Amino acid sequence: MRTKIFISLKNGVLDPQGKAIERSLHTLGYTEVQEVRMGKYLELDIEAPSRAAAEHRIREMCDKLLANPVIEDYRFEIESDALSAIGHQPEAKERD
Amino acid sequence: MRWGVIVFPGSCDDQDVFNCLKREMGQKVKRLWHKDELAGQFDCLVLPGGFSYGDYLRCGAMARFSPIMRGVVKFARSGGLVLGICNGFQILCETGLLPGALVRNVGLQFICQQVSLRVEETDTAFTRGIGKGQLLRLPIKHGEGCYYADPLTLERLRKNRQILLRYVDAKGKPSPSANPNGSLDNIAGVCNEARNVFGLMPHPEDACSKLLGSEDGLRIFSSIAAHHGAGEKRHA
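These numbers come from a predicted model, not from an experiment. (Residues numbered from 1 in each chain as written. Chains lettered and ligands numbered in written order. Predicted model: local features only at pLDDT ≥ 70, side-chain atom pairs only at ≥ 80, totals over all residues.)

## Description of the overall build of chain B
To keep things clear, this is the line we draw: Note on conventions: DSSP H or I runs of at least 4 residues are helices, E runs of at least 2 residues are strands, and numbering of each starts at the N terminus. The size measure is the radius of gyration over C-alpha atoms, and the globule rule it meets is 2.2 Å times the number of residues to the 0.38 power. Counting other C-beta atoms within 10 Å of its own, a residue is labelled buried from 20 upward, exposed at 12 or fewer, and partly exposed in the gap between, with every C-beta atom placed from the backbone. Note on contacts: each residue gets a C-beta atom placed from the backbone, and two residues are in contact if those atoms are within 7 Å.
The secondary structure content of chain B amounts to 5 helices and 11 strands. What you see for chain B is a C-alpha radius of gyration of 16 Å, in line with the 18 Å of a compact globule of 236 residues. Taken over the C-alpha atoms alone, chain B extends approximately 45 × 40 × 40 Å along its principal axes. Out of the 236 residues belonging to chain B, those deemed buried represent 54%. For chain B, the share of sequence-separated contacts (at least 6 apart) that also reach a separation of at least 24 residues comes to 75%.

## Concerning the interface of chain A and chain B
When the parts of a complex come together, some accessible area is lost, and that lost area is often taken as the interface size. Put simply, the rule reads: Each residue is assigned to one class: nonpolar for Ala, Val, Leu, Ile, Met, Phe, Trp, Tyr, Cys and Pro, charged for Asp, Glu, Lys and Arg, and polar for all the others, Gly among them.
If you look at the interface, chain A gives 9 residues, while chain B gives 13 residues. Per-class residue counts for the side of chain A that touches chain B are 7 nonpolar, 2 polar and no charged.

## Comments concerning the sheet that holds strand β6 (residues 111-119) of chain B
All names here are of chain B. Threshold: Note on pairing: DSSP must find at least two bridges between two strands before they are called paired. Interaxial angle, 0 to 180 degrees, is taken between N-to-C directions of lines fitted to C-alpha atoms, where a helix line uses only the stretch in contact.
The mixed open sheet is built from 9 strands, whose spatial order is β2-β1-β3-β4-β11-β10-β9-β6-β7. Bordering the open sheet on either side are β2 (28-33) and β7 (135-142), each of which pairs with just one other strand. The sheet shows a mean angle of 25° between the axes of neighbouring strands, direction not considered. As judged from the 4 bridges shared by strand β3 (residues 44-47) and strand β4 (residues 81-85), these two strands associate in the parallel manner. Looking at the pairing, L47 lines up with G84 of β4.

## As for the sheet that holds strand β1 (residues 2-9) of chain A
Residue and element names in this part refer to chain A. Strands sit in the order β2-β1-β3 across an open sheet of 3 strands; the sheet is antiparallel. Of all the strands in the sheet, just β2 (40-45) and β3 (72-79) have a single pairing partner and so form its edges. Averaged over all adjacent pairs, the angle separating strand axes in this sheet is 20°, with direction ignored. Where helix α2 (residues 51-66) meets the sheet, its contacts fall on β1, β2 and β3, and the angle it forms with β3 comes to roughly 155°.

## Details of α2(A)
Residue and element names in this part refer to chain A. The test is simple: One fewer than the residue count of a helix, multiplied by 1.5 Å, yields its expected span. The directions from the helix axis to the C-beta atoms form the arc being described.
The terminal C-alpha atoms of α2, which comprises 16 residues, lie only 20 Å apart, well short of the 22 Å expected from a rise of 1.5 Å per residue. Residues I58, C62 and L66 constitute the buried set of α2. What you see down the axis of α2 is that its buried residues fit within an arc of 50°, all on one side. Those residues of α2 that are exposed and angled more than 90 degrees off the buried face are A52, H56, R59, E60, D63 and K64. Against the buried residues of α2 lie β1, β2 and β3.

What follows is the structure in C-alpha cells.
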C-alpha cells in the first residue's frame, strides 16, 4: 500500500526556514502569502493484511522514529490503487 | 575514574573528548563503538559532538537506536553520570533522557564562535566545582542548537532548577543579544530531574588548554571527577 506521510512542526515551534521562504515569496511579489511553515514529506510502500493493520504500523513508526512528538505533528494517507486514481482526477481537471 | 566515550558513525568530537580527558587530565578513558553492547564498568559516559548518521531525518534521531544506547539508557536510569555534548545533547533529547528538543538555529546559519555562559545551578556532579553565577567561555559549533520545550516542560525545568547553563552577555545577563541561536530562555544546557544526565550545546572539550583560547571546559570535567572522588571516599 502506497503511503504518504506528512510531518509538520507544532504550533509554537520556531520555523526559521518557513520564515526565510516567506520573505523570499514576498520579495518575488507574492505579498498575499502569510504563515509559511516547512515540513517533511515521506512516501513508502507497506505490506499489511489490512488497511487497519497498516495504519497501526505506520502510527508506530511515526511515534518511534519518523516524527519527534516534542516538536512535530504528523498525518498520513494510505492510498489504494482506486483511491489514488480518484484522488488525482480533480487536480487534473483543474489544470484543464 | 573510568570514562567511556561513545563513537557513532559521524561523531567527530570523540577524539577531542578523549584527548581532553586523557592528555589534559590523566583520566582513564575508553572509546566505545555504537554497534557494541555497553560492556565494562564506567563512572561517566560521554556522548560527543558531531553529525551522527549524517543528521539524517533529525539530529540524533537515528543514533538513538544504536545498540549501545540500550545500555546507556539503563546506565542513566540506574543513576550513572551521562554527559551529552552538542550532537550528544541532541541524542539524549531524542532518547527521552533529557526533556525538550534542539531545532534549527533561528538565523539558519551554522554558528562557530566563542560564547559566554553562566552556571545557574551547582548541585549537580557536572557543576558542583564551579560557583553559582560564574561565567565560562566555551565554543559553540552547531546548526541546530536552538533549544525548545513546550511551556509546561519549561515551567518544570525552572521549578526543578534543571537549567544548568545559559548564554549570557559580557555582563553576565541572559539578554536576547547574547542568545546565539534562538534558544528558549537562553538555555545552553539542561539536566534531567535526577540530575545525573546533562546535555549542553557548547564544547567543554574544546576549551581545555590555553592554546585553545580557554581552559574553562576543564572545570566541567574536573567537577565530574571531583564528584566521583567524593563518592569513592564516602564508600571507602
